[in-house]
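An overview of the molecular structure
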Amino acid sequence: MEAESEPYVRLATMRQLHQAVADLNTARSLADTLQSVVDGIVAGLGYELACVNLVRPEGDLVVAAFAGNSAAEALITGRVGSRDSWDRRLAMGQGWGELRFIPHTEGWVLLDDDVPQWHTEGPEPRFEDEWHPLDRLYAPMYASGGGRDLLGVISVDRPRNGRRPGAWGREALQMYASQAAIAISNARLRSNMQRALVRLEREQQALRASEESFRQAFEYAPSGMAIAEIGGDQRGRLLRTNDALCRLLGRPASVLRRHSFADLVHPEDIGTLLRTSAEGGRAELRLSRRDGTYLWVSLRNSVVADAADGPRFLLTHVEDIEERKRHELNLAHRASHDALTGLPNSAELRARLSARICERPHAPAATAIEALDAAYGDVESSLTHGYRADGYEGEALPGGGPYDHHVHAVAPDPERDDGTKGLAVLFCDLDGFKSINDRFGHHTGDAVLIEVARRLTTCVRDGDTVARLGGDEFVVLADGLGAADAADLAVRLRNAIIPPIRVDGRAVRVGASFGIGWAACGMTAEEVLRSADQRMYVEKRSRSKVHRRAG
């Protein structure tokens with residue numbers, strides 16, 4: 001099972017990785033992009049040294065960017081290593097997915113080849129996965145388009161934790177190398193496009209040759225490209241699309257010319273598209289395909305201007321980022337959910353609970369007289385008190401502005417049923433689970449936890465939350481319940497847990513103790529959980545051992 005801090009570490013790593021990838025797409029030139037690649041590795045992936053070896057037209061690789069050590073940067077930047085030597089390195093050592101790791105026990109034979117390198121001497125590793133100064137880790141970058149054309153190689157050294165990267169670190173480096181390859185290819189493409197556009201503006205005598213160059217770059221670009229109207233009655237209508245965009249969206253060019261991106265964008269992303277500026281604007285959104293599915297893409301806009309008449313049309317670069325988005329969603333899910341049961345973990349539970357409550361306690365409901373005053377124009381009274389008769393509450397804004405529309409969470413009175421509904425927090429602790437772990441082992445214990453999670457999930461409504469707090473503790477969040485409703489839910493959940501659970505042909509039983517707390521504005525998430533936990537222990541002590549014991 002994962003350590004409790006691991007989801008936070010993964011979430012922090014994912015955020016740093018996301019920021020590093022975002023920085024790749026803000027660089028203005030190829031040189032800036034290459035430097036952003038190595039800076040992102042040092043800043044976001046936990047290595048002290050990183051360099052990019054870029055494939056030159058003749059096939060050899062040149063050290064194009066370096067980060068982490070100024071002395072090493074001055075020594076090897078600009079130096080060239082032969083393609084044969086690099087091919088030898090990428091065939092040695094251990095394959096970690098697309099990565100290539102050469103341990104120091106094998107890499108000593110590379111000390112005298114012509115690949116530029118910089119290293120320091122160091123002691124032998126004290127434990128199995130300790131990083132040695134002569135260890136080598138390479139991340140090849142391949143050009144987009146489905147081929148295996150080598151674009152360059154990222155070399156990293158000296159992990160800050162002193163250890164060889166685990167599965168998580170390898171996956172992050174491999175995904176980053178894939179995005180770096182796309183960024184470098186796009187930088188080259190942008191450079192070519194910019195040169196073509198400059199020729200269109202400044203070389204009127206060579207207009208035909210320049211337009212042909214533009215057509216070639218547009219038509220044969222590996223990623224989607226589109227030209228759209230920038231003004232007039234048909235603003236935004238697509239005038240021309242390349243084959244890559246047609247394949248990406250599964251639509252022929254004749255069909256795309258009848259639409260604009262606003263017609264193709266996902267309804268939830270229309271605001272993002274409208275906020276994207278024409279000059280230098282970029283956005284990540286979903287576009288519809290012919291089969292009705294949606295594809296995540298990155299849009300980058302630039303204005304193609306005519307020297308005499310000003311802006312004429314909009315050039316949009318469309319990059320497929322579906323795989324990266326899928327990785328991000330997967331990483332986000334893994335960071336916020338329990339690895340064993342698949343339920344939301346402790347951090348996600350607290351986030352959902354905190355989103356439902358605010359720091360200010362709920363004000364008393366408006367009296368009938370105050371409600372009439374508000375209805376007939378006595379706005380000053382309602383603004384002074386900071387609440388409204390419709391149940392919404394908020395601070396009075398300067399100039400009589402609107403309220404914040406936060407619906408306050410209130411706790412029902414457990415002594416009398418006055419019809420108040422609230423957010424119930426049911427704290428569940430399994431009875432007898434430790435004895436199952438001790439007698440039958442953790443494999444059986446894990447199977448019991450998985451089955452309990454399944455049973456709890458099937459007993460709640462859509463929209464309710466079942467989370468694993470840790471160990472054998474679970475929490476259920478159920479909104480819109482009264483005191484009697486919450487008590488009934490606790491009984492149903494307990495009855496669902498009690499039946500025998502079969503593991504490897506053996507039937508085991510666990511009991512469950514529930515404590516019911518209520519989330520209310522003015523409380524913190526920790527206070528709400530502590531209140532439910534305390535009620536659970538009161539309930540546990542009030543029941544005899546016979547009723548609590550697992551069979």
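Presented here is a report on the structure given in the accompanying data block. Note that this is a predicted model, so its numbers are computed, not measured.

1. Here we look at the overall build of the protein chain
- A count of helices and strands for the protein chain gives 20 helices and 20 strands.
- When burial is assessed residue by residue, the protein chain has 45% of its 551 residues classed as buried.
- A sequence separation of at least 24 residues applies to 59% of the contacts in the protein chain between residues at least 6 apart.
- When the accessible surface of the protein chain is split by element, carbon and sulfur atoms take 51% of a total near 28,200 Å².

2. Quick word on unusual backbone geometry
- Phi at Arg158 is positive, roughly 55°, even though this residue is not glycine.
- Mapped onto the secondary structure, Arg158 falls in strand E7 (residues 150-159).
- For Arg158, a relative accessible area of 28% corresponds to the partly exposed category.
- Of note in this structure, Asp504 is not a glycine but carries a positive phi near 55°.
- As for its placement among the helices and strands, Asp504 is situated in the loop between strand E18 (501-503) and strand E19 (506-508).

3. What to know about helix H2 (residues 30-44)
- Taking 1.5 Å as the rise per residue, H2 with 15 residues should run 21 Å; its terminal C-alpha atoms sit 21 Å apart, in good agreement.
- Taken together, the buried positions of H2 are Thr33, Leu34, Ser36, Val37, Val38, Gly40, Ile41, Val42 and Gly44.
- Gly46, located one to two residues past H2, shows a positive phi value of around 85°.

4. A look at the pattern of salt bridges
- Scanning the model with the defined rule gives 29 salt bridges in all.
- Between Arg334 and Glu171 there is a salt bridge; the shortest N-O distance is 3.5 Å. Within this pair, whereas Arg334 is found in helix H12 (residues 322-336), its partner Glu171 is found in helix H6 (residues 167-202), the two being separated by 163 residues in sequence.
- Under the relative-accessibility criterion, Arg334 is labelled partly exposed at 26%.
- In this structure Glu171 comes out as partly exposed when scored by relative accessible area, which is 26%.
- Two residues, Asp269 and Arg286, come together in a salt bridge whose shortest N-O distance is 2.9 Å. Of the two residues, Asp269 sits in the loop between helix H10 (261-264) and helix H11 (270-274) while Arg286 sits in strand E10 (residues 282-288), which places them 17 residues apart along the sequence.
- Accessibility expressed as a relative area gives 17% for Arg286, which makes it buried.

5. Here we look at the environment of Ile501
- Residue placement: Ile501 occurs in strand E18.
- Look at Ile501 and you get buried, because its relative accessible area is 4%.
- With near-sequence residues (within four places) excluded, Ile501 lies in contact with Val448, Glu451, Val452, Arg455, Arg506, Ala507, Val508 and Val510.

6. Points about the nonpolar core
- Ranked by size, the top nonpolar core spans 39 residues in total, and within it Leu137, Met141, Ile154 and Tyr176 carry the most contacts.
- Secondary-structure elements contributing two or more residues to this core are helix H1 (6-24), H2, strand E1 (47-55), strand E2 (61-67), strand E5 (99-102), strand E6 (136-142), E7 and H6.
- Residue contributions to this core peak at 10 residues, all from H6.
- Setting aside its immediate chain neighbours within four residues, Tyr176 contacts Leu17, Ala20, Val21, Leu24, Ser36, Val37, Gly40, Ile41 and Leu45.

Reading guide: rules and limits
Residues numbered from 1 in each chain as written. Predicted model: local features only at pLDDT ≥ 70, side-chain atom pairs only at ≥ 80, totals over all residues. Heavy atoms only, no water. Helix = DSSP H or I, 4+ residues; strand = E, 2+ residues; numbered from the N terminus. Buried < 20%, exposed > 50% of the residue type's maximum accessible area, 1.4 Å probe, protein only. Contact = heavy atoms within 4.5 Å. Areas by Shrake-Rupley, 256 points an atom, 1.4 Å probe, with all protein chains shown as cover. Expected span 1.5 Å × (residues − 1). Salt bridge = Lys/Arg side-chain N within 4 Å of Asp/Glu carboxyl O. Core = buried A, V, L, I, M, F, W, Y, C linked by side-chain atoms within 4.5 Å.

Just geometry here; none of it tells us what the structure is for.
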